[in-house]
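# Structural features, examined
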Amino acid sequence: MIGRFITRLLPQRFKKTPRIYSAPQHNIRADALDETALTVVRRLQGAGFQAFIVGGAVRDLMLGRRPKDFDIATDATPEEIKPLFRRAFIIGRRFRLVHVHTGHDVIEVSTFRSAQTDEEATDEHGRLLSDNVYGTQAEDAMRRDFTINALYFDPETEEVWDYVGGVNDVRAYRLKLIGPPVTRYREDPVRMLRAVRLAAKLGLTLAPTSEAPLTKLAALMRNIPPARLFEETQKLLLSGNAQETVAQVRRYQLLPSFDALLNTPAAERFAAIALAHTDARLKIGKTVSPAYLFAALLWPAVIRDRDANLATNMKPAPAFIAAMDTALEEHAKMLAVPRRFQGIIREIWSLQPRFEQRQGQRPYRLLEQPRFRAAYDFLCMRAESREVPQELSEWWEKFQDADADARKALLATAPKPEAGSSPRPRRRRKKRQNGKIATSA
Ligand code: ATP
Ligand code: MG
């Protein structure tokens, strides 16, 4: 009740007119701007509407970083925006916005909107169920999450418009929620994950008032719709600073599934290696497959279950398969990993025991598997975490690139798999020759 009362008063506590910073007062350089975004802003302004670059892009520019994408906010409605562009599509059912396509770029243009804060707009935990009412620019600023995400940049005048003190927070490297933190986290618990992710990614300090409620409100994470939870989890793992982000998520216990997965030193070691690899790849501009990353996070659970199954005298192959099933059922569900990823995850896992089978034609067949490369990278992480011998990943490194003779030589040196370490190769029926069973030479 009190929370709602405060939210209703909230707009009055902030200025209805922005503080305007001119070019010398901020460090956004014109050459860092995206041509397509500029064209879209100009077209809207030319038609008599207000138009600004907004959100993450302004924040990143002010911090001297290259934005991932450029979003635009305007006082034009979707129906007014669409006819201004050759290829523009109104998308979204709940809140409609416009995607303007140019070349291979898509620019998101949204109409200023206000957050609804009346009784019907939230569920019993205070979570906002809708945010689909057009509003003023001041209201649009207020419904955003952090002050530094609520800055509007007009490329024509080179002004930054600030309703919430975001410019000062950027300068202080401070990440601060707009409005009363508990209410704002209750409205949308995903903001807790965003707080941790943005702080780690951008090297910002979470304002003490925004940090204080985190652990206490962590239980609200359970109410997030699965698809949204997965999207956010994926974003935080692919933020380029996954190691730090995951450490913070665990510190505030925002994702209980992380704690459940990483509850042994071996699991921690493996996750640390996987996250470090991910961060390193992203740093040099390489892509990371989310499926690969989730395969890594869930792997310690597979190993744990497989060993537990082996201890009940299950055979290696069924023990491993049952462990993969359990990991996908339990943990992938908790993290809301989509079905299409689960298939790839299982493929990467299924190939692992086959690396230990280095007799006859098996290594050649493994090389031909479409997921060989991902599975081999995965094997290297297992070797690095000392789950399998270093010798194994080194052997495969050589075998991949070797010529036919060198491969034969490598095969001759390959040790037999240790008993119990992997599913046994299926024993072939020996061919009958002249009515007798052939004995192998
Ligand atoms: P990123 O670098 O991850 O893209 P971002 O801040 O741009 O960070 P987006 O998801 O692209 O994140 O969101 C764009 C803008 O929409 C944000 O800057 C913020 O103003 C607003 N926003 C996003 N998520 C929320 C939320 N959960 N609550 C309120 N406002 C939000
Ligand atoms: Mg963004």
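Just so you know, these numbers come straight off a predicted model, no measurement behind them.

### Remarks on the layout of surface pockets
Counted as a void, the largest pocket has a volume near 1,700 Å³. What lines the largest pocket is a set of 46 residues, among which Glu108, Arg113, Arg194, Arg228 and Lys235 lie closest to the centre. Mapped onto the lining of the largest pocket, the elements with two or more residues apiece are α3 (56–62), β3 (71–74), β5 (97–102), β6 (105–111), α8 (190–202) and α11 (226–237). Looking at side-chain class alone, the lining of the largest pocket contains 16 nonpolar, 7 polar and 23 charged residues.

### Concerning the site of ligand 1
Residues in close proximity to ligand 1 total 16 residues, the closest being Arg59, Lys68, Asp188, Arg191 and Arg197. Side-chain polar atom of Arg59 to an oxygen atom of ligand 1: 2.9 Å apart, as the coordinates give it. A distance of 3.0 Å is found between an oxygen atom of ligand 1 and a side-chain nitrogen or oxygen belonging to Arg144. Contact with the protein chains hides 84% of the accessible area of ligand 1, taken as 580 Å² for the molecule alone. Taken atom by atom, the bulk of ligand 1 overlaps the largest pocket. Among the secondary structure elements, those contributing two or more residues to the shell around ligand 1 are α3, α8 and α11. Sorting elements by how many residues they give to the shell around ligand 1 places α8 first, with 4 residues.

### Re helix α21 (residues 404–413)
Of all the residues in α21, the buried ones are Arg407, Leu410 and Leu411. Axial view of α21: buried residues confined to an arc of 100 degrees, hence all on one face. Relative to its buried face, α21 has exposed residues pointing more than 90 degrees away, namely Asp405, Lys408, Ala412 and Thr413. In this fold, the buried residues of α21 make contact with α18 (362–367) and α20 (390–401).

### Examining the sheet that holds strand β10 (residues 159–162)
Strand pairing within a sheet occurs via backbone hydrogen bonds; the two strands may be parallel or antiparallel. Read from one edge of the open sheet, 8 strands run β1-β10-β9-β2-β3-β6-β5-β4, paired in mixed fashion. Sheet topology places β1 (19–21) and β4 (88–91) at the edges, where each strand pairs with a single neighbour. The sheet shows a mean angle of 30 degrees between the axes of neighbouring strands, direction not considered. Both strand β9 (residues 151–154) and β10 contribute to a ladder of 4 bridges, which runs antiparallel.

Cut-off values and rules
- Residues numbered from 1 in each chain as written.
- Chains lettered and ligands numbered in written order.
- Predicted model: local features only at pLDDT ≥ 70, side-chain atom pairs only at ≥ 80, totals over all residues.
- Heavy atoms only, no water.
- 1 Å grid on protein atoms, 1.4 Å probe; cavity = no way out; pocket = protein on both sides within 12 Å on 5 of 7 lines; lining within 4 Å.
- Points joined across faces, edges and corners; volume = space filled by probe spheres on them.
- Helix = DSSP H or I, 4+ residues; strand = E, 2+ residues; numbered from the N terminus.
- Nonpolar A, V, L, I, M, F, W, Y, C, P; charged D, E, K, R; others polar.
- Near = heavy atom within 4 Å.
- Polar contact = N/O pair within 3.5 Å; in protein donor to acceptor, adjacent residues only side chain to side chain.
- Areas by Shrake-Rupley, 256 points an atom, 1.4 Å probe, with all protein chains shown as cover.
- Sits in = over half its atoms within 2 Å of the grid points.
- Buried < 20%, exposed > 50% of the residue type's maximum accessible area, 1.4 Å probe, protein only.
- Arc of directions from axis to C-beta.
- Contact = heavy atoms within 4.5 Å.
- Pairing = 2+ DSSP bridges.
- Axes fitted to C-alpha atoms, helices over the stretch in contact; angles between N-to-C directions.

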